[in-house]
Amino acid sequence: MWFKNIQIFHLKNIETLDTNELIDKLPEFPLKECGSQEEYSFGWLPLIRNSEQWSLTGNNCLMVRAGKEEKVLPSSVVREELENKVSEIELLEGRKVGRKEKSDLKDELVFTLRPKAFSKRSDIWCYLDLKAKILVINSTNASLTELLFKHLQTTLGSFSMMPLQAQVSPSSIMSDWLLKNALPASLETGDECEIQDGSEEKAKIRFKSLEPLSEDVTRHIEQGMMVTNLGLIWTEKLRFVLHDDLTLRKLKFDDTLKDQAFSDSQGGGLADLDANFALMTLTLRELFESYCLWFEIIQQDLVS
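Residues numbered from 1 in each chain as written. Predicted model: local features only at pLDDT ≥ 70, side-chain atom pairs only at ≥ 80, totals over all residues. Heavy atoms only, no water.

Novice: Could you give me a rundown of the pattern of salt bridges, with the residues and numbers involved?
Specialist: Applying the stated criterion across every chain, the model contains 14 salt bridges. Measuring nitrogen to oxygen at the nearest pair gives 2.6 Å for the salt bridge that ties Glu194 to Arg206. Of this pair, Glu194 sits in strand E8 (residues 187-196) while Arg206 sits in strand E9 (residues 204-208), and the two are 12 residues apart along the sequence. The salt bridge partner of Arg249 is Asp245, with a shortest N-O separation of 3.7 Å. Residue classification places Arg249 among the partly exposed residues on the basis of a relative accessible area of 25%. Look at the salt bridges and you will find they share partners, linking Arg65, Arg121 and Asp123 into a network. (Salt bridge = Lys/Arg side-chain N within 4 Å of Asp/Glu carboxyl O. Helix = DSSP H or I, 4+ residues; strand = E, 2+ residues; numbered from the N terminus. Buried < 20%, exposed > 50% of the residue type's maximum accessible area, 1.4 Å probe, protein only.)

Here it is, written out as structure tokens:
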């Protein structure tokens, strides 16, 4: 499991976090089949289907996997059924259906149709790095992330974390990198970039397959536009797109790391997962140390 899109959060009150308790309680709060009238269900999953392994530890890190099952009821289906129902009432009763009645009819239709809807499942992986004091989530989906936090709190009784806090605007820093051609020594520019102006319209320009340090990009920055995301290469170990909200997307770990993980693995299933996890966590921990320097991120243990 190599993470592809990540959010990083500081762990608060880490001295009170009992990872053994979390490991023990994972099977007590599993993902359950979505009920006939439930919009969704959320819970923990074994790392590999049909296995009894609910967590993985290594490098002072703990990885778990959660899942969301939701009833998929296409809005087009509800809309068509509602239109048919409204037309039938207006034809048979010779009157117009008002807004309130139409809303009530829609709720009744959703209630009737939901048990027949098919279920869709989404997975979300994450790990706690107790040395770096961070939670790393393999998703940038806000609703999934919120459900994960709530389920961690349900499982442990309490769970404290906070988003990363940069003392300087990431957008300003990335803009300066390009404008002054002054990237940190460990970074190279990739081949994509997005810039945005500060007007109410917030016009955006996306560059693909283009060197971000080219005049096409820097000319716009000189005129006041700011970088909102930037493709980067870090120490030849990792490629990613850095966004101004400090999320990392389109992560691509170098093939040499993956080859090393393959060599370290005993072959198949959990062994492969363990080898990948070990190298991934060490790499991302090293990246996070640089991250804190680039963006002057407030260290959680210094926050009162």
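And the narrative resumes.
Novice: Pulling in residues and values, what's your account of the packing of helix H5 (residues 170-179) against helix H6 (residues 215-222)?
Specialist: The axes of two packed helices give the description: the angle between them and the distance between them. Two numbers describe how H5 lies on H6: the axes approach to 9 Å, and their chain directions differ by 125 degrees. It follows that H5 is oblique to H6 by the angle criterion. When the axes of H5 and H6 are compared, the crossing they make is left-handed. Facing Ser175, Leu178 and Leu179 of H5, the residues of H6 in contact are Val217, Thr218, Ile221 and Glu222. Tallied by class, the residues present in the contact of H5 with H6 amount to four nonpolar, two polar and one charged. (Axes fitted to C-alpha atoms, helices over the stretch in contact; angles between N-to-C directions. Parallel < 35°, antiparallel > 145°, perpendicular 65-115°, else oblique. Left-handed = near helix turned anticlockwise from the far one by under 90°. Contact = heavy atoms within 4.5 Å. Nonpolar A, V, L, I, M, F, W, Y, C, P; charged D, E, K, R; others polar.)

Novice: I'd like to hear about H5, residue by residue, with values.
Specialist: Count 3.6 residues to each turn of an α-helix, and residues three or four apart come out pointing the same way. Across the 10 residues that make up H5, a large majority, seven, are buried. Buried residues of H5: Pro170, Ser171, Ile173, Met174, Ser175, Trp177 and Leu178, and no others. Elements that come into contact with the buried residues of H5 comprise E8, H6, strand E10 (226-234), strand E11 (238-243) and helix H8 (269-294). Just beyond H5, the residue with positive phi is Asn181, at close to 50 degrees.

Novice: Let's hear about the nonpolar core: which residues, and what values?
Specialist: The biggest cluster of nonpolar side chains holds 52 residues, and the ones touching the most others in it are Tyr127, Trp177, Phe240, Leu242, Leu284, Tyr291 and Phe295. Setting aside residues no more than four positions away along its own chain, Tyr291 makes contact with Leu164, Leu242, Leu246, Thr247, Leu248 and Ile297. Grouped together as the second largest cluster of nonpolar side chains are 23 residues, Phe42, Ile124, Leu148 and Phe149 included. (Core = buried A, V, L, I, M, F, W, Y, C linked by side-chain atoms within 4.5 Å.)

Novice: Tell me what's going on with H6, and back it up with residues and numbers.
Specialist: Residues of H6 that are buried include every one of Val217, Thr218, His220 and Ile221, and no others. Buried residues along H6 cover an arc of 160 degrees about the axis, so they all sit on one side. Looking at H6, the residues exposed on the side facing more than 90 degrees away from the buried face are Glu215 and Glu222. Summarising the contacts, the buried residues of H6 are in contact with H5, E8, E9 and E10. Where H6 terminates, the next one or two residues include Gly224, which has phi positive at roughly 110 degrees. (Arc of directions from axis to C-beta.)

Novice: Let's hear about the sheet that holds E11: which residues, and what values?
Specialist: One open sheet accounts for five strands, arranged E9-E8-E10-E11-E12; its pairing is antiparallel. Strands at the two margins of the open sheet, each flanked by one partner only, are E9 and strand E12 (248-253). Along the sheet, successive strands turn relative to each other by an average axial angle of 15 degrees, direction set aside. Relative to E9, E8 runs antiparallel, the two being bridged by five bridges. Paired with Glu194 across the two strands is Arg206, which belongs to E9. Along the sheet, H8 contacts E8, E10, E11 and E12; its crossing angle with E12, the most-contacted strand, is approximately 135 degrees. (Pairing = 2+ DSSP bridges.)

Novice: With reference to specific residues and values, describe the environment of Met280.
Specialist: Considering the arrangement of structural elements, one finds Met280 in helix H8. We classify Met280 as buried; its relative accessible area is 0%. For the pair Met280 and Leu47, spaced 233 residues apart in sequence, the C-alpha separation works out to 16 Å. Setting aside chain neighbours within four positions, we find Met280 in contact with Met1, Trp2, Phe3, Tyr127 and Phe253.

Novice: Hey, could you go over the packing of aromatic side chains for me, with residue numbers and the actual values?
Specialist: In the structure shown here, the tally under the stated rule is nine aromatic pairs. Relative to Phe277, the ring of Tyr127 lies with its centre 5.7 Å away and its plane at 85 degrees, an arrangement referred to as edge-to-face. You can see Tyr127 sitting in strand E5 (residues 118-129) and its partner Phe277 sitting in helix H8, a full 150 residues away along the chain. You can call Tyr127 buried: its relative accessible area is 0%. Between the aromatic rings of Tyr291 and Phe295, the centroid separation amounts to 5.4 Å while the plane-to-plane angle is 80 degrees, which identifies the pairing as edge-to-face. On the basis of relative accessible area, Tyr291 is assigned to the buried category, the value being 1%. Of the residues examined, Phe295 reaches a relative accessible area of 0% and is grouped as buried. Grouped by ring-pair contacts, the aromatic residues Trp177, Tyr291, Trp294 and Phe295 constitute a single cluster. Positioned above the aromatic ring of Tyr40, the side-chain terminus of Lys68 is 5.1 Å from the ring centre. (Phe/Tyr/Trp six-rings, centres within 6.5 Å; stacked < 30°, edge-to-face > 60°. Lys NZ or Arg CZ within 6 Å of the ring centre and 35° of its normal.)

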